[in-house]
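Below, each chain spelled out in residue letters.
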Amino acid sequence: MSVEKTLSIIKPDATKRNLTGLINTKFEKAGLRIIAQKRLQLTRSMAEKFYEVHKDRPFYNDLVDFMISGPVVVQVLEGDNAVKLNRDVMGATNPEDAEEGTVRKEFAESIEANSVHGSDSLENAQKEISFFFANIELVT
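So, how was this worked out
Each residue is numbered by its place in its chain's sequence as written, counting from 1. Local features in this predicted model are restricted to residues of pLDDT 70 or higher, and side-chain atom pairs are both shown and tallied only at a pLDDT of 80 or more, whereas totals for entire chains, interfaces and linings draw on every residue. Each side-chain value is derived from all of the structure's non-hydrogen atoms; neither hydrogens nor water enter the calculation. Numbering of helices and strands runs from the N terminus, with a helix taken as a DSSP run of H or I at least four residues long and a strand as a DSSP run of E at least two residues long. Exposure is judged per residue with a 1.4 Å probe applied to protein chains only, and the accessible area is read against the type maximum: over 50% gives exposed, under 20% gives buried, and values in between give partly exposed. Each polar contact in these results corresponds to two N or O atoms within 3.5 Å; when the atoms are within protein, one needs to be able to donate a hydrogen and the other to accept it, and residues that are neighboring in sequence are counted only if both atoms are side-chain atoms. By definition, residues are in contact when any of their heavy atoms lie within 4.5 Å. A pair of strands is treated as paired once DSSP finds two or more bridges between them.

**Observations concerning the side chain of Gln75**
And step 1. Note on placement: Gln75 falls in strand β3 (residues 72-80).
And step 2. You can call Gln75 buried: its relative accessible area is 0%.
And step 3. Looking at Gln75, its side chain comes within polar contact range of the side chain of Asn24, at 3.1 Å.
And step 4. A distance of 2.6 Å separates the side chain of Gln75 from the side chain of Gln37, its partner in a polar contact.
And step 5. Look past the residues within four positions of Gln75 in its chain and what remains in contact with it is Thr6, Leu7, Ser8, Ile10, Asn24, Phe27, Ile34, Ala36, Gln37 and Phe133.

See the structure below:
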């Protein structure tokens, strides 16, 4: 197994309902360490740039609007196979398809307001982490 880093975002629907601690507990119980974390309000330009990969998809504008609708918690998780482990803990994008015990099954309000974002590959994790964090902020 290899120790990896991945980005996690606790989305506005979850921060609005004060679920940060409960979600973090799920990550930590699964063996992920939170090595950087900050709460912030994304600007429209930040959200547009972060989700630029989806700019030609029909949900892009709604996604940007949702992600700027309230504060988010961005964090770096570290652990053995962290990208896959985080995705397992999050559950399927559609909470109706998510397994019991996953973040999205327990906390998501809908497929759009699904409480968390996680990097989908090691390559994207590196890009996403550097979008929000300087190396000096990653404390292992």
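Right, picking up where we left off after that structure.
**Topic: the pairing of β3**
And step 1. In terms of residue burial, β3 counts as a mostly covered element, since eight of its nine residues are buried.
And step 2. Direction of pairing for strand β1 (residues 3-10) relative to β3: antiparallel, over a ladder of eight bridges. From the neighbouring strand, Thr6 faces β3, where its bridge partner is Leu77.
And step 3. As judged from the seven bridges shared by strand β2 (residues 33-40) and β3, these two strands associate in the antiparallel manner. Within β3, the position partnered with Leu40 by the bridge is Val72.

Take it as geometry only, folks, not as evidence of what the structure does.
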